[in-house]
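A closer look at the structure
What follows is each chain in one-letter form.
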Amino acid sequence: MCGIAALQLRNPELRPKMGSLLSTMLCEIVDRGPDSAGLAVYDNPALVTEGQSTLSLLGGDLGLRPADIDAFLAGLLPEGVESQVKVVGDTTLVSAEVPAGELAGAVARACPGAVIAGRGGRVTVMKSVGHPMEVAERHGLGGMYGTQAVSHTRMATESAVTAGGSHPFSVADDLCLVHNGSFSNHASVRRELKRLGVEFDSENDTEVGARYIAHRLEQGDDLETALVNLGQVLDGFYTLVVTTADSMAVVRDPIACKPAIIAETEDWVAMASEFRALAELPGIGNARIFEPEPGRVYSWSL
Amino acid sequence: MTTTVDSIPVSAGAETEVFDLKIDDVRTLNRAIHQASDGQSFTVDNPGGKHSLAVGINAGIDVEINGHAGYYAAGMNQGGRVTILGNAGVGVAENMMSGTVHVTGDASQSAGATAHGGLLVIDGNASARCGISMKGVDIVVGGSIGHMSAFMAQAGRLVVCGDAGEALGDSIYEARIYVKGTVASLGADCIAKEMRPEHLLELRGLLHAAGRDDDPAGFTRYGSARTLYNFHVDNSSAY
C-alpha cells in the first residue's frame, strides 16, 4: 500500500512549523505502511549549511565516533576544508564545503560500507525501520524548520524491510523520490541503466525510478519531461512525488490505481495519499482540493 | 425498465444524535447507526477524511456528514439517506442496496462500485471507475467522471452532466449511461444509442431526483452493443 505526505510551504511564516505540520500529516498515513519510514526536509538550518554539501548516511552508529570520521575526512578532503559530522536519530550527516560528489568519494573511503541516503546542499534524508511516528520522533521532526518536506510510510513489496529500502530515494543533488506502488519492469530498466554506467545501491524498484529520473535530468530533461519519459519506460503502478532544491512534482500512472490528493492555498501546496492527512493543515477549509489526473505531471516551484 | 427513483432526502430533524469524530471514534458511530430504527437521524461533525463512515446502514435513517469523508463512506447502505457535505474518498456507497447517498463535493475512484440499488448523487466530479460493476444502482454525477467508468456495468443507470473519461462502459451488460458532455473514448462493446421517448422520460426522472434541471434532450445514451454476450464461432480456431 504505502503512504505519502508532502508539503511545500510558500509562506515563510509557516516554515518554522514545517516539522509539526508534517508530523500531523504523517500520523494519518501510518496505517498505509507501518514497517518503515523516511523523511526528506529541505533548508533546515540545523541540518544543512548554505555553501556546503551535506550527505545523509544511513545509521546513527557507523561503528566510528563522529570525531574519528572527521579526522579521517580531514586527510581525504582538500587542504583547509573542514567537515562536520553530526548524528540525528538513525542518520549521520556529513557536511563540507566541497561538491557532494567529492564529499561522497571521501566518505566512501573514510566509512567503507556506509550508505548515502541523501545528498545535496539543501536536503536532509532520514530513513529507518519501525513505526513511522517513532522514526519521526527519533529524528526530532516535530520541531524542524523547512521549506519543503516529504514523508513516506512503507509497506514493502518489491524488496526487504530495511532502512535502505525505505523511501525517499535521493540519488542526485537535492533530488528525492517517493513512490506508492510498484514498478514491474524494474529489473530490465536497471540492467539498461547499468549498461549506461549508472550505479545502484539496492535491489529496490523505486531506486530504479529515482536513478532513471536522475539520468534523464543529466541528459538535459527538465523535471516534467523526465517524468513524462519515466511513464514511457517504467511499467507498473505508481503515484510519485519528486522534489528538487526548489520544486515539487506529482505524477500518477495512466491507470491511476494508487491514490493521491492535492490541496493548495496561497500559503502552501500539499499532496497526500488520502485526504485525512491534509485535514489539519491551516486553512484547509478554503483550500483548492483535487485528485491529480492520471498520467499528468503537476509541479510547483518555490 | 423502471423509472421510479428515490428523491434526495430532506432531514426530518426531530431528534438528531450528534457524533464529533474529534472525540468519538468511528466504531462508536457505526454501532449506533446499526442499532438505529426508521426515522432516526445522525449528524457527524469533523469527519476529517476518516474511513468507513456510516457503513452498513440497515434502516430508514438520515445521516449528515459535515465535511470530507474517507474511503467507503456509506458503503452497503440499505434504506438510509446519507448526505456528505464535502468530498468522498474511494468507494463511496460501494455495494449500496437501497436508499440515497448525496455527495455535495467530488468523489474519488470507484464511486457506487457494485451497488445493487438506491440513488447516488455526486454534485461535483467523480474520479476513475465510477459505477464499476454497478448492478442496479442509479448514479447522477453533476460534473465529469474519470476513465473506465461503468466497467462491466450490469444494471442501473449512470447519468453524467459533464464529460466522461476514456474507455467508458467497457464490457457493459444492460446498464444505461447518459452523458451530456464529451466521451474521451468508449470501451469494448459500448456504443452510442438512440434517445427514445422512454429514455428522455427516465432521464428526466433521474435528474429531477438528483435535484437538477438539465435538459434531457442534451444527453446521449450509451449502452451495450451485445456483441460480447455469446461465443462467436469465428473465434473457434483460437481454441
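Residues numbered from 1 in each chain as written. Chains lettered and ligands numbered in written order. Predicted model: local features only at pLDDT ≥ 70, side-chain atom pairs only at ≥ 80, totals over all residues.

This part is about the overall build of chain A. Across its full length, chain A carries seven helices and 16 strands. Referenced to the eigenvectors of the C-alpha coordinate spread, the extents of chain A come out at roughly 55 × 45 × 35 Å. By the burial criterion, 51% of the 302 residues in chain A qualify as buried. In chain A, 73% of the contacts between residues at least 6 apart in sequence involve partners at least 24 apart. (Helix = DSSP H or I, 4+ residues; strand = E, 2+ residues; numbered from the N terminus. Buried ≥ 20, exposed ≤ 12 C-beta atoms within 10 Å, placed from the backbone. Contact = placed C-beta atoms within 7 Å.)

The number of helices and strands found in chain B is two helices and 11 strands. Order of helices (α) and strands (β) in chain B, N terminus to C terminus: β-α-β-β-β-β-β-β-β-β-β-α-β. Since a compact globule built from 239 residues should have a radius of gyration of about 18 Å, the 18 Å found for chain B is in line with a globular shape. Summarising its shape, the C-alpha atoms of chain B cover approximately 60 × 40 × 25 Å along the three principal directions. Expressed as a percentage of contacts within chain B between residues at least 6 apart in sequence, the contacts between residues at least 24 apart total 28%. (Rg over C-alpha atoms; globule rule 2.2 N^0.38 Å.)

The interface is formed by nine residues belonging to chain A together with 12 residues belonging to chain B. Its residues assigned to classes, the side of chain A that touches chain B shows six nonpolar, no polar and three charged. (Nonpolar A, V, L, I, M, F, W, Y, C, P; charged D, E, K, R; others polar.)

Before going further, it helps to examine the pairing of strand 11 (residues 236–243) of chain A. Along any regular strand, the residues point their side chains to alternate faces of the sheet. Residue and element names in this part refer to chain A. In terms of residue burial, strand 11 counts as a mostly covered element, since six of its eight residues are buried. Relative to strand 11, strand 10 (residues 175–183) runs antiparallel, the two sharing eight bridges. Within the sheet, the bridge partner assigned to Cys176 lies in strand 11 and is Thr243. Bridge analysis of strand 11 against strand 12 (residues 247–252) gives five bridges, and the strand direction is antiparallel. Bridge pairing in strand 12 places Val241 opposite Val250. Where strand 11 folds back onto strand 12 in an antiparallel hairpin, the turn is made up of three residues. (Pairing = 2+ DSSP bridges.)

All names here are of chain B. Pairing is mixed in the open sheet, where 11 strands are placed in the order 1-2-3-4-5-6-7-8-9-11-10. The open sheet terminates on both sides in strands that have one partner only, identified here as strand 1 (16–20) and strand 10 (190–193). Across this sheet, the average inter-strand angle for adjacent strands is 15°, counted without regard to direction. Summarising the sheet, strand 4 (residues 78–84) and strand 5 (residues 98–103) pair through five bridges and their orientation is parallel. Each bridged residue has a counterpart across the sheet, and for Arg81 the counterpart in strand 5 is Thr100. Contacting strand 6 (119–122), strand 7 (135–141), strand 8 (155–160), strand 9 (176–179) and strand 11 (220–224), helix 2 (residues 197–209) runs over the sheet at an angle of about 70° to strand 8. (Axes fitted to C-alpha atoms, helices over the stretch in contact; angles between N-to-C directions.)

What follows deals with the domain arrangement of chain B. Taken domain by domain, chain B comprises domain 1 (11–92) and domain 2 (125–226). Here the C-alpha centre of domain 2 of chain B lies 27 Å away from the C-alpha centre of domain 1 of chain B. (Domains from an automatic or database assignment.)

To continue, consider the domain arrangement of chain A. All names here are of chain A. Assigned domains within chain A: domain 1 (3–48 + 130–301) and domain 2 (49–121). For domain 1 and domain 2, the distance between their C-alpha centres works out to 24 Å. Counting residues at the interface gives 13 residues for domain 1, matched by 16 residues for domain 2. Of the residues contributing to the side of domain 1 that touches domain 2, the split by class is five nonpolar, four polar and four charged.

Turning to the pairing of strand 9 (residues 169–172) of chain A, a few remarks are in order. Residues and elements named next belong to chain A. Sheet topology note: the strand 9/strand 10 ladder contains two bridges and is antiparallel. Each bridged residue has a counterpart across the sheet, and for Ala172 the counterpart in strand 10 is Leu175. From the end of strand 9 to the start of strand 10, which pair antiparallel, there are two residues, and Asp174 there has a positive phi angle of about 60°.

Next up on the list: the nonpolar core. Residues and elements named next belong to chain A. Counting 89 residues, the largest nonpolar core has Leu7, Val241, Ala270, Ala272 and Leu278 as its most contacted members. Residues lining this core come from more than one domain, with at least three contributed by each of domain 1 (3–48 + 130–301) and domain 2 (49–121). With sequence-adjacent residues up to four places away left out, Val241 is seen in contact with Ile4, Ala6, Val150, Val178, Met248, Val250 and Met271. (Core = buried A, V, L, I, M, F, W, Y, C linked by C-beta atoms within 7 Å.)

On to the confidence of the model for chain B, then. Confidence along chain B averages 94 in pLDDT terms, with 94% of residues attaining 70 or more. Interface confidence for the predicted complex, given as ipTM, is 0.86, next to a pTM of 0.91. (pLDDT = per-residue confidence, 0-100.)

To continue, consider the environment of Thr227(B). All names here are of chain B. Among the structural elements, Thr227 can be located in the segment after strand 11. The class for Thr227 is exposed, based on 10 C-beta atoms found within 10 Å. Along the backbone, Thr227 and His199 are 28 residues apart, and their C-alpha atoms lie at a distance of 22 Å.

Here the focus is the sheet that holds strand 4 (residues 83–88) of chain A. Residue and element names in this part refer to chain A. Reading across from one edge, 4-5-3-6 is the order of the four strands in this open sheet, with antiparallel pairing throughout. Across the chains shown, the open sheet's two edge strands, defined by having one partner strand only, are strand 4 and strand 6 (116–120). On average, adjacent strands in this sheet sit at an angle of 15° to one another, irrespective of strand direction. Note: strand 4 against strand 5 (residues 91–96), six bridges, orientation antiparallel. Looking across to strand 5, one finds that Ser83 is bridged to Ala96. Helix 2 (residues 66–74) contacts strand 4 and strand 5 of the sheet and is inclined by roughly 155° relative to strand 4.

A word on the environment of Gly165(B). Residue and element names in this part refer to chain B. Tracing the backbone through its elements, the reader meets Gly165 in the loop between strand 8 and strand 9. Here the alpha-carbon distance between Gly165 and Gly205, two residues 40 residues apart in the chain, equals 25 Å. For Gly165, the contacting residues outside a window of four places in its chain are Ala128, Ile145, Gly146, His147, Ser149 and Ala184.

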